[in-house]
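So you can see what is in the structure, the chains are spelled out below.
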Amino acid sequence: MPELPEVEVVRSGLAPALVDATVSAVTVHDARALTRHPGSVDDFEQSLRGAHVVAVCRRGKFLWMPFTPAGGSNAARAVVAHLGMSGQMLLRFSGAPVERHERIRLDIDHPHHGALAVVFADQRTFGSLALDPLLPTTDAAPGGFGADEATVPAQVAHIARDPLDPALDETRLRRLWARKRSAIKRVLLDQTVISGIGNIYADEALWGARIHPETPADALSARHVTRLLAEIRAVLDKALAEGGTSFDAQYVNVNGQAGYFAHSLHAYGRTGAPCHRCGRPIARVSFMNRSSHFCPSCQRMPRTR
DNA sequence: CTATGATCCTGCGAGC
DNA sequence: TGCTCGCAGGATCATA
Ligand SMILES: [Zn+2]
């Protein structure tokens, strides 16, 4: 569910309440939410109790919160959060009732905001929390959005920088795209090439750039690539400004409010509806177990010689 | 090495 | 009403 704009909405909502907060209690309701945590449930709870949160950071769809342990001063580890398909991070008052699909709750004390609860809820359980060591970035740039330090959690090290990251290596990106024979849609979803793009924004960016989703990436001209990159950034920026895409109550910000970018969609979820450019019906094809929505008229495969 | 499809899980709406 | 089917914002792993 959450792609870069939705995750960034969550990050910016969490940051004021979490930066400088101290974890007073940890409640794990469902251990499946810790499948990516390298240690035990006990280790998770004990390591976090008394911890002091230093920052709330994001790269692509990954969130992490560097922390100093109780009695320590060195932020060697971070809480890594990935929302998967259905995860939410919710801010609640201390003692608020257990949420539907609540998996983990962190009770925190903040010097200005007092006692709060950070709730990780996740219907489909593809999301997770984990404690992970922070490693230096290979390019010496800050780890991601919201990060001052040039570090990333070990679990995020293989994730490429995202389109809104000033340190994104565009030369590398172009080189990788030019080398891949897979459909551009699949390549856009490969988080090791560029991160943050999911099924919605891939379809929207391809519609905007008038590129057929099944075009082999290596068949794209330099002009196509430039157009696609511009569309990716434009759609992510606009979605972020509108609070992300919400089809139901599943994607919400930390206060449970929906975003309204769903009104701005041109391709995703519009099967059979008229294309906003040419009026012909939007088509839907299925591959890699997901749907691609596109206009067969505006988005032609490049002629193959 | 690259490329592809299956898989994890829960819930909802459509159709019978 | 109650059942089955298809589908859902993601990432990873096994197989060619
Ligand atoms: Zn069209």
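Note that the structure is a prediction, hence the values are computed from the model and not measured.

Thresholds applied
- All residue numbers here refer to positions counted from 1 along the written sequence of the relevant chain.
- Chains carry letters and ligands carry numbers; both start at the beginning, A for chains and 1 for ligands, and go up in the order they are written.
- Selection of residues for local features in this predicted model requires a pLDDT of at least 70, selection of side-chain atom pairs for listing and counting requires 80 or more, and totals for whole chains, interfaces and linings are taken over all residues.
- To get the side-chain values, take all heavy atoms of the structure and skip hydrogens and water.
- A run of DSSP states H or I qualifies as a helix once it reaches four residues; a run of E qualifies as a strand once it reaches two. Both are numbered from the N-terminal end.
- Here the globule rule is a power law, 2.2 Å times the number of residues to the power 0.38, and the radius of gyration is based on C-alpha atoms.
- Burial classes: relative accessible area under 20% of the type maximum marks a residue as buried, over 50% as exposed, and values in between as partly exposed (1.4 Å probe, protein chains only).
- UniProt positions are given in the numbering used here, feature names are shortened, and annotations may be inferred rather than shown by experiment.
- Any residue with a heavy atom positioned within 4 Å of a molecule or strand is treated as near that molecule or strand.
- Polar contacts here mean pairs of N or O atoms no more than 3.5 Å apart (in protein, one a potential hydrogen donor and the other a potential acceptor; neighbouring residues in sequence count only if both atoms are side-chain atoms).
- To estimate the expected span of a helix, count its residues, drop one, and scale the result by 1.5 Å.
- Bear in mind that the domain bounds are from an automatic or database domain assignment.
- Pairs of residues are marked as contacts when any of their non-hydrogen atoms sit within 4.5 Å.
- The term buried area denotes the loss of accessible surface (1.4 Å probe radius) that occurs when two parts are joined, taken as the sum for both partners.
- The working definition used for a salt bridge is a side-chain nitrogen of Lys or Arg within 4 Å of a carboxyl oxygen of Asp or Glu.

Colleague: Tell me about the overall build of chain A, and please be specific about residues and values.
Modeller: Within chain A one finds six helices and twelve strands. Compactness check: chain A gives a C-alpha radius of gyration of 20 Å against a globular reference of 19 Å for 305 residues, within 12% of the reference. Here the C-alpha coordinates of chain A stretch approximately 65 × 40 × 30 Å along the principal axes. Looking at the 305 residues of chain A, the share that counts as buried comes to 52%.

Colleague: Which residues make up the UniProt feature "domain: Formamidopyrimidine-DNA glycosylase catalytic" (unreviewed entry) in chain A, and what values do they have?
Modeller: Here, the residues flagged by UniProt with the feature "domain: Formamidopyrimidine-DNA glycosylase catalytic" (unreviewed entry) are residues 2–127. The span residues 2–127 shows a helical share of 18% and a strand share of 40%, and its end C-alpha atoms are spaced 11 Å apart.

Colleague: Break down the protein's contact with DNA strand B for me, citing the residues and quoting the values.
Modeller: Neighbouring DNA strand B are the residues Arg32, Arg100, His101, Gln123, Arg124, Thr125, Phe126, Lys180, Arg181, Ser182, Arg186 and Asn289. In DNA strand B, atoms within 4 Å of the protein come 51% from sugar and phosphate. In the model, a phosphate oxygen of DNA strand B is placed 2.7 Å from a nitrogen or oxygen of the Arg181 main chain.

Colleague: Give me helix α1 (residues 4–18): which residues, what numbers.
Modeller: With 15 residues, α1 extends 20 Å from end C-alpha to end C-alpha; this agrees with the ideal 21 Å at 1.5 Å per step. Those residues of α1 not exposed but buried are Leu4, Pro5, Glu6, Val7, Glu8, Val9, Val10, Arg11, Leu14, Ala15, Ala17 and Leu18. Downstream of α1 by one or two residues, Asp20 has phi in the positive range, about 85°.

Colleague: Got a sec to walk through the domain arrangement of chain A? Specific residues and values, please.
Modeller: Under the domain assignment used here, chain A contains domain 1 (4–156) and domain 2 (170–294). Taking only C-alpha atoms into account, the centre of domain 1 sits 28 Å from that of domain 2. The interface of domain 1 with domain 2 comprises 19 residues on the first partner and 21 residues on the second. Summing the contributions of domain 1 and of domain 2, the shared interface buries around 1,500 Å²; its carbon and sulfur component is 62%. When the buried surface of domain 1 facing domain 2 is broken down by residue, Pro5, Glu6 and Val9 rank first, second and third, together holding 34% of it. At the surface where domain 1 touches domain 2, the tally comes to zero salt bridges.

Colleague: Explain the environment of Val28 to me, using residue names and the numbers behind them.
Modeller: Tracing the chain through its elements places Val28 in strand β1 (residues 22–28). Along the chain, Val28 and Ile104 lie 76 residues apart, while their C-alpha atoms are 4.6 Å from each other. If sequence neighbours within four positions are ignored, Val28 has contacts with Leu34, Val41, Phe44, Glu45, Arg103 and Ile104.

Colleague: Can you explain the pattern of salt bridges? Please cite residues and give values.
Modeller: The final tally for this structure, using the stated rule, is 13 salt bridges. Where Arg32 meets Asp30, a salt bridge forms, and the shortest distance between an N and an O atom there is 2.8 Å. Arg32 gets classed as partly exposed once you look at its relative accessible area, which sits at 47%. Residue Asp30 is classed as buried on the basis of its relative accessible area, which comes to 14%.

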